[in-house]
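Secondary and tertiary structure notes
Here is what each chain is made of, one letter per residue.
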Amino acid sequence: MAEFERALALIRRLGDRKQEVATLLGLANVYNWGHKIAEVLATVNGALAIATEIGDTAGQAGCHALRGEARGGVYGPVVEAMRDSSEALRLAREVGDPRLLAQCLTFSGRQLEWHGEYDLAVGHLREGLELARREHSGYLVGLSLYHLGHAALARGDYEEALEHYRSLREYSEAAGDKLYLARLPNLFGGVSLEIFDLDEAIRLNAEGDETSRRLWPWPEPRGHSLWKLGLAHLYRGNHGSAERAFREAESLRELDTWGRWTWLSSLWRSRGELSLAEEKYEEAWTWASRSLEAATQCRQRKHAARALRLQGDILAAQGRLEDAARVLTASLDQARVLGAARESWIGQAALGRALTRLGRDTEAEAQLTAAAQTIELIATKLVTPPLRRSFLAAGPVADVFRALGRTPPGSG
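Our subject in this report is the structure included herewith.

How each quantity is defined
Residues numbered from 1 in each chain as written. Predicted model: local features only at pLDDT ≥ 70, side-chain atom pairs only at ≥ 80, totals over all residues. Heavy atoms only, no water. Helix = DSSP H or I, 4+ residues; strand = E, 2+ residues; numbered from the N terminus. Rg over C-alpha atoms; globule rule 2.2 N^0.38 Å. Buried < 20%, exposed > 50% of the residue type's maximum accessible area, 1.4 Å probe, protein only. Contact = heavy atoms within 4.5 Å. Areas by Shrake-Rupley, 256 points an atom, 1.4 Å probe, with all protein chains shown as cover. Lys, Arg positive; Asp, Glu negative; His and termini not counted. Charge placed at Lys NZ, Arg CZ, Asp CG, Glu CD. Expected span 1.5 Å × (residues − 1). Phe/Tyr/Trp six-rings, centres within 6.5 Å; stacked < 30°, edge-to-face > 60°. Salt bridge = Lys/Arg side-chain N within 4 Å of Asp/Glu carboxyl O. Core = buried A, V, L, I, M, F, W, Y, C linked by side-chain atoms within 4.5 Å.

Quick look at the overall build of the protein chain now. Helix and strand content of the protein chain: 22 helices and zero strands. Against the 2.2 N^0.38 benchmark of 22 Å for 412 residues, the protein chain shows a C-alpha radius of gyration of 23 Å, consistent with a compact globule. Projecting the C-alpha coordinates of the protein chain onto the three principal axes gives extents of approximately 80 × 40 × 40 Å. Across the 412 residues that make up the protein chain, the buried fraction comes to 58%. Nonlocal contacts in the protein chain, meaning residues at least 24 apart in sequence, comprise 59% of its contacts between residues at least 6 apart. Accessible surface for the protein chain amounts to roughly 17300 Å². Of this, 51% is attributable to carbon and sulfur atoms. Looking at the protein chain, you have 52 positive and 55 negative side-chain charges, and the mean spots of the two groups are 1 Å apart.

Structure, rendered in structure tokens:
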């Protein structure tokens, strides 16, 4: 940081304003890695004012890209962050510098994936990945693969998600990149969790907690690992272990704001699921509402749909079936807009159960049939036999087919 300050003093004496923009961006990037959001924004805004004044289009693109990245890191894909990323990409295409374009594509794709615009995100990320590889920009290669995996996971394409995460592991191990090495176990553990391979989810997320504790100074990857670990224990029926993992994750909350939003609303929703399993309905509703508010504030649409579904499950457990059906329908509508396969079939199953209890059998059957069809579509893409078996043998999957008087595909 001191070196940048000395460089700035020299550049300002020389009057090289374009180099001043580049140096300010370098300083802002140091602040960004140091998680100093106020300093990032002040420095970038100063650089942007100069770049605009002198007509430095590349400098303007870099400023918008970094400002969007910093805002997204702290606040999520809020309107201002996505606006910056979009403007950065527009300017970078004008400039034509492939490294700058790779950065702006990847940063924009990252915001779009966070927000749940998966098709557009994947297009940006794939283009950014190709350019990053051509330009030998390892950080952008890793970032593109990371979010391509997340987009595939959200759409229920688990084999594709694993393929991206394996590519990320190959890059990270070759480069010794601790940013991703700290996160890899919980990425694979997240896939295991979604296909209900709970033993593997517990093993990988426990490993993720230990690895991120050892390799990375900030708590964000530990937060992800711990809430997934707790959720795997909850699905296993071990409430004590789930509670311990959730509480340990909660203890990280005030240590750092950077990336906190990426795991905190999920943690709160998971704590609500635990409370619901223990029939603590008021407590469950508090956690679900807190999760929904946080996800809505930072525009995490997938996680907002999950929190809303939890509210519907709580209402159903309390016997408020009409209210439950209304809330579950709203959650399901959001999942369909996103194209989030897992949220769709779980939402359809939950709505089907509520409608059955209301005596609306035709509507219930339609929802359960839709859930079964979504499950079957996911299963057709699971070409690795153990993954397919784990998914189709899971209790929540079997419940859908049992309610329809059928067995899951390949089970009989």
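Text resumes after the structure shown.
So, about helix 5 (residues 79–95). With 17 residues, helix 5 extends 24 Å between its outermost C-alpha atoms, agreeing within 8% with the 24 Å of an ideal straight helix rising 1.5 Å per residue. Listed as buried for helix 5 are Ala81, Met82, Asp84, Ser85, Ala88, Leu89, Leu91 and Ala92. Those residues of helix 5 that are buried are in contact with helix 4 (57–75), helix 6 (98–115) and helix 7 (118–134). At the exit of helix 5 stands Gly96, carrying a positive phi of roughly 85°.

Moving on to the packing of aromatic side chains. Inspection of the entire model under this criterion finds eight aromatic pairs. Taken together, a centroid distance of 6.4 Å and an interplanar angle of 65° make the contact between Tyr171 and Tyr180 edge-to-face. Measuring from centroid to centroid gives 6.2 Å for Trp345 and Phe391, while their planes differ by 80°, and the two rings are edge-to-face. Linking Trp345 in helix 19 (residues 341–357) with Phe391 in helix 21 (residues 385–392), this pair joins segments that are 46 residues apart in sequence.

Bringing the pattern of salt bridges into the picture now. Oppositely charged side chains can form a pair if their charged atoms are brought close together. With the rule as written, the count across this model stands at 41 salt bridges. Arg271 is paired through a salt bridge with Glu250; the nearest N and O atoms lie 3.4 Å apart. Linking Arg271 in helix 15 (residues 261–277) with Glu250 in helix 14 (residues 239–250), this pair joins segments that are 21 residues apart in sequence. Across the pair, Glu250 and Arg271 agree in class, each one buried. One salt bridge connects Arg336 with Asp333, and the closest N-O pair in it is separated by 3.5 Å.

Now for the nonpolar core. Core analysis: the biggest nonpolar cluster contains 69 residues, and Leu168, Trp345, Ile375, Phe391, Val397 and Val400 have the highest contact counts within it. Per-element accounting of this core gives the leading share, ten residues, to helix 8 (residues 138–154). Setting aside chain neighbours within four positions, we find Phe391 in contact with Glu194, Ile195, Phe196, Trp345, Ile375, Ile378, Ala379, Leu382 and Val397. Judged by nonpolar contacts, the second largest core, of 22 residues, contains Ala245, Ala249, Leu252 and Leu267.

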